[in-house]
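Letter by letter, the chains look like this.
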Amino acid sequence: MSAGLLVVGGSYAAVNIVIGAREAGYDGRIRLLSAEPHLPYQRPPLSKAYLLGRDDEAALVIRAEAFYRQQEVDLLLGRSAVQIDRSRGCVRLDDGLVLPYDRLALATGARVRRLPVAGADLDGVLYLRSLEDARLLRDKLAAAERLVVVGGGFVGLEAAASAIQLGKQVTVLESQDRLLARALAAPLAEFLAGAHQRRGVALEFGAQVAALEGDLGRVRAVCTEDGRRFAADLVVVGIGSIPNTELAQTAGIACRDGILVDRFTQTDDPRVFAAGDCARHPSRAGDWLRLESVQNAAEQGRITGATMAGRQIPYEAVPWFWSDQYDLKLQMAGLAAGADRTVCRGEPAEDRFSLFHYRNDRLIAVESVNRPAEHMLARKLLAADRHPPPALAADPGADLRTLLAEPAQAG
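This structure is a prediction, so every number in the text was calculated from the model and none was measured.

About the thresholds
- Residues numbered from 1 in each chain as written.
- Predicted model: local features only at pLDDT ≥ 70, side-chain atom pairs only at ≥ 80, totals over all residues.
- Heavy atoms only, no water.
- Pairing = 2+ DSSP bridges.
- Helix = DSSP H or I, 4+ residues; strand = E, 2+ residues; numbered from the N terminus.
- Axes fitted to C-alpha atoms, helices over the stretch in contact; angles between N-to-C directions.
- Contact = heavy atoms within 4.5 Å.
- Polar contact = N/O pair within 3.5 Å; in protein donor to acceptor, adjacent residues only side chain to side chain.
- Left-handed = near helix turned anticlockwise from the far one by under 90°.
- Nonpolar A, V, L, I, M, F, W, Y, C, P; charged D, E, K, R; others polar.

Let's talk about the sheet that holds strand E3 (residues 73–77)
With parallel pairing, five strands are arranged side by side in an open sheet as E3-E2-E1-E7-E19. Both edges of this open sheet fall to E3 and strand E19 (272–274), since each of them pairs with a single strand only. Direction aside, neighbouring strands of the sheet carry axes that sit 20° apart on average. Lying over the sheet, helix H1 (residues 11–23) contacts strand E1 (5–8), strand E2 (30–34), E3 and strand E7 (103–106), oriented at roughly 175° with respect to E2.

Written out as structure tokens, the structure reads:
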């Protein structure tokens, strides 16, 4: 019997690898191995709808168990891969079982970056990545009054937005001089900061955490290097993530802040592939990216499955992201880093606008707030290499959809 395809990891990338392989016509054996005991589930709701009690755990499941039966996928849940033997084409699990493969996909994701200060091990210091993390946070948040969030990234801000809506006192400590310095352009970050402050969240910038104070083993305050002290019943840390590359690295597969893959998601071993948060891939612009988003995991996962099934399709999707905070839907298409000009379309004062970002008069990204149709249009413009002149993009009466019918621009 053929060893078939082996997928290591859960969540979006792993599920979409399975989907991609079956859609490409692969009819051989597929096994999906996940260290978590649950069916692969959605992570974005953990800091929003789940934390607010609007979604239960059943609503988080990406695909019901019946899907795996219909697709003839063997699920091995609550089992961890500990070693890849590339010469023999097999993976050893933590219980000693050895699984052979014809082709192997690594969708091992990423883990939270831990806060490296005294007191970080106190009770009440939490992280938010997994379902178990979210369960613990939701339980403890119910009894807390004062929440301190360390890190002004998406997860931290979403948790802050949820907590303030639950009637908690919330302070966000950000080490840099603004929110989301690596993810959002400055104008949108400034808008978002104002949105949080108007709803009662205290934002503290330049706040480098020095230590956490506790009493009887429980956290009571966060102290910063400049001498400030913030009382806390609960602390949520969101200071980034680390890709889970150890399995690949110990097998001698090339890694650099992620498992390095080509345009077809293949590693430097022709039988091993990687997708999702753990993978670092060449971008449309020619540089290398490791993206942590549902879009990247899903689309790159399908490409991986198709490639493993023998149908080579390059991964060239335009990156896009979203975040729901309060009644604000933030949607980002493209990457705004390196923009030299930005124009606004719409009204920030009405919480409905888009920022069009340009470099050398070429559109490179669009960030939208409560403009979902404009976000979808932006994705199409970027994918089609269309570049509306900045003055046209800023004109709310201009119909940018007409650009999609024009011939492709040179250059």
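A word on the side chain of Asn370
Within the secondary structure layout, Asn370 lies in the loop between strand E26 (362–369) and helix H8 (372–383). Here Lys329 takes part through its backbone nitrogen, which lies 2.9 Å from a polar atom of the side chain of Asn370.

A short note on the packing of H1 against helix H7 (residues 294–308)
At a closest axis distance of 6 Å, the pairing of H1 and H7 adopts a crossing angle of 35°. Here the hand of the crossing between H1 and H7 comes out right-handed. Listed contacts from H7 to Tyr12, Ala13, Asn16, Ile17, Ile19, Gly20, Ala21 and Glu23 of H1 are Val294, Ala297, Ala298, Gly301, Arg302, Thr304, Gly305, Ala306 and Met308. Here the residues of the contact of H1 with H7 are counted per class, giving 10 nonpolar, five polar and two charged.

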